[in-house]
Amino acid sequence: METIIQQYFDFSIMGDNLDAVLHGFVYTLELSLIAGVLSLIWGLILSVLRQLPGRGAAPIRALAIGYIDVFRGIPMLLIILLISGGLGAFAAEDVLPRWLAIPQWFGLPDNFWYGVFAITITYGAYMAEVYRSGIEAVPRGQMEASRSLGMSHGQAMRYVIVPQAVRKVIPPLLNDFIALMKDTSLVSVIGLLEVVQVGRDVYSSTFNSSALTMGAVLFLLVTIPMARFVDRLIAGQQSKMQRAIP
Amino acid sequence: MSVEAKNELPASGDSGQMIQLKGVKKSYGDLHVLQGIDTEIRRGEVVCVIGPSGSGKSTLLRCINRLEPPDEGEMYLEGKLIADSGQALNLVRRHIGMVFQQFNLFPHMNAVDNVSIGPRQVLDRPRKESDERARELLKRVGLSEKLEEFPDRLSGGQQQRVAIARALAMDPHVMLFDEVTSALDPELVKEVLDVMRELAEEGMTMIVVTHEMNFAREVADRVIFMDGGVIVEQGAPADVLGNPQQERTKRFLGLVLAT
């Protein structure tokens, strides 16, 4: 028992590494927020492309569906490795300009941005499917009423369908965001000093897991309130639905 | 020439003809919903379309504003052939108002926004002007107390009157009503029919798919009886409803009027 507590909850090691762990967690939060917002936008674009009407848009629809299938089907860890390896090589060969292949934007390191790319590419595909379920849940009559006023398909999507769809999918999108935040730890594989990587470094020099435990606690401090918030949103929506059906 | 070439259809006056249908057909797989519809609707005319369910009445309305593209046949709006390109249809639909059985109000907008969104986004009217007009229209359908309410706080009859105001906001040249009282509680039917009656008196061209035989008798200039995807019989309400010539019309009216 003593050993277990010492392995995971050694307060002197926690205290020594508090700054480093917190610093790593700031990376985790930045990565989550930037990649999360980009995924939300990219997912919406993908889902709208997927719903374009008419025969002329068939190739675009097929591309969007193909993209979503591919990137939902590949582990994100692989995507991270493919991107960092590929972009690094492209910079060396001058295929891509350095500012793009080795991005250092806003003073954040290149492996941070590789992580942002990989998360956005992957979670954009997940979120596109969530948006699609929301768009399909809007009754057909809404599109018909919009079109009967003379709106184009694009206007109907923008002013009528998407605003309703987004409201319906906020809870599942937040769930995806919680998953995204946890998956940022995968970016440690390309050496980003986010919270998990800091914990691993401490472990490899002390063989003690307490810094990792601290990282876990920091995750829970964010994810549990978010999960509760999602539950409340869902409960609110359900009671509203029950009011609508007398 | 198609309407595509011009942004606006000519204002009233040049021709008495509002809508002309020639050989309009529509099938869903093996189901032939419309089997060749030929008819004309004059400017200012109120036409009620009656018939058993599945007779193609609603599909006819939906073909007129191309929510369903017809498989065959031609349609003219104010003498101009309606082309099948998407942009041309967006222009045509501005001139054809439609009211639905299920109201289809936009649930995330209040009554004023429901009515003003069309003119604002489609006709690029400024917000102030379109909102002002929306309030006027809502007053006209008796909803001056409900301007800021959202659809889920309105009764079915009130929602349907907002839907009528929404269609009127586009200044349509013709209004289509698709069984607009069928989803309403009986005590709410009258308030909607009263609004429609007023519109008819003001000279609006209207095509009304309905089961309200009394409304058809009192308001319609002409009644069309449809069955099996064709127009079986048409004429003045007193003739079609009072003295039907066709066997199918008699049977249908016998069933409807018996209740």
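Going by the structure above, here's the rest.
Note that this is a predicted model, so its numbers are computed, not measured.

Thresholds applied
Residues numbered from 1 in each chain as written. Chains lettered and ligands numbered in written order. Predicted model: local features only at pLDDT ≥ 70, side-chain atom pairs only at ≥ 80, totals over all residues. Heavy atoms only, no water. 1 Å grid on protein atoms, 1.4 Å probe; cavity = no way out; pocket = protein on both sides within 12 Å on 5 of 7 lines; lining within 4 Å. Points joined across faces, edges and corners; volume = space filled by probe spheres on them. Helix = DSSP H or I, 4+ residues; strand = E, 2+ residues; numbered from the N terminus. Nonpolar A, V, L, I, M, F, W, Y, C, P; charged D, E, K, R; others polar. Pairing = 2+ DSSP bridges. Axes fitted to C-alpha atoms, helices over the stretch in contact; angles between N-to-C directions. Contact = heavy atoms within 4.5 Å. Buried < 20%, exposed > 50% of the residue type's maximum accessible area, 1.4 Å probe, protein only. Parallel < 35°, antiparallel > 145°, perpendicular 65-115°, else oblique. Left-handed = near helix turned anticlockwise from the far one by under 90°. Buried area = accessible area lost by both parts, 1.4 Å probe. Salt bridge = Lys/Arg side-chain N within 4 Å of Asp/Glu carboxyl O. Polar contact = N/O pair within 3.5 Å; in protein donor to acceptor, adjacent residues only side chain to side chain.

For the rest of this paragraph, the subject is the layout of surface pockets. The gaps left among the atoms become clear once a water-sized probe is rolled over them. Its boundaries defined by the atoms lining it, the second largest pocket holds a volume of some 580 Å³. Those elements giving two or more residues to the lining of the second largest pocket turn out to be α7 (140-148) of chain A together with α2 (86-94) of chain B. Considered class by class, the residues forming the lining of the second largest pocket number five nonpolar, four polar and eight charged.

With that settled, the discussion passes to the sheet that holds strand β3 (residues 46-50) of chain B. Residue and element names in this part refer to chain B. Strand order in the open sheet made by the six strands is β6-β7-β8-β3-β9-β10, with mixed pairing throughout. The open sheet has two edge strands with one neighbour each: β6 (96-99) and β10 (230-235). The mean angle between the axes of side-by-side strands here comes to 20°, regardless of whether they run parallel or antiparallel. In the packing of helix α5 (residues 156-168) onto the sheet, the strands contacted are β6 and β7 (174-178), and the crossing angle to β6 comes to about 170°.

Residue and element names in this part refer to chain B. With five of its five residues buried, β3 lies for the most part within the structure. Burial along β3 is two-sided: Val46, Cys48 and Ile50 facing one way and Val47 and Val49 facing the other are all buried. Two strands pair when backbone bridges link them, and β3 and strand β8 (residues 205-209) are joined in this way by four bridges, in the parallel orientation. Across the sheet, residue valine 47 finds its bridge partner in β8, namely isoleucine 207. For β3 and strand β9 (residues 222-227), the ladder comprises four bridges, and the chain directions are parallel. Along β9, the bridge assignment pairs valine 49 with isoleucine 224.

Residue and element names in this part refer to chain A. Helix α6 (residues 110-137) packs onto helix α4 (residues 76-92) with a crossing angle of 135° between their chain directions and a minimal axis gap of 9 Å. Taken as axis vectors, α4 and α6 run oblique relative to one another. The way α4 lies across α6 gives a crossing that is right-handed. Here α4 contributes Met76, Ile79, Ile80, Ile83, Ser84, Leu87 and Gly88 to the contact with α6, which in turn contributes Tyr114, Phe117, Ala118, Ile119, Ile121, Thr122 and Tyr123.

Moving on, we come to the environment of Ala179(A). Summarising the element assignment, Ala179(A) is placed in helix α8 (residues 153-183). As for Ala179(A) and Thr223(A), which are separated by 44 residues in sequence, their C-alpha atoms are 9.1 Å apart.

Next up on the list: the pairing of strand β4 (residues 72-77) of chain B. Along any regular strand the residues' side chains alternate between the sheet's two faces. All names here are of chain B. Where strand β1 (residues 17-28) meets β4, five bridges bridge the pair, whose relative direction is antiparallel. Of the residues in β4, the one forming a bridge with isoleucine 19 is leucine 77. Examined bridge by bridge, β4 and strand β5 (residues 80-81) share two bridges and lie antiparallel to one another. Of the residues in β5, the one forming a bridge with leucine 77 is lysine 80. What sits between β4 and β5 in their antiparallel hairpin is a turn of two residues, with glutamate 78 showing a positive phi close to 50°.

This next bit is on the interface of chain A and chain B. With 19 residues of chain A at the interface, the matching set in chain B holds 24 residues. Between chain A and chain B lies a buried interface of about 1,700 Å² when both sides are counted; carbon and sulfur atoms form 58% of it. For the chain A face of the interface with chain B, the top three residues by lost area are Ser148(A), Leu149(A) and Tyr159(A), together amounting to 34%. At the boundary of chain A and chain B, one finds one salt bridge. Glu144(A) is paired through a salt bridge with Arg62(B); the nearest N and O atoms lie 2.6 Å apart. Taken together, chain A and chain B are joined by seven residue pairs in polar contact (both at pLDDT 80 or more). Mapped onto the side of chain A that touches chain B, the elements with two or more residues apiece are α7 and α8 of chain A. In terms of residue count, the dominant contributor to the side of chain A that touches chain B is α7(A) (eight residues). Per-class residue counts for the side of chain A that touches chain B are six nonpolar, eight polar and five charged.

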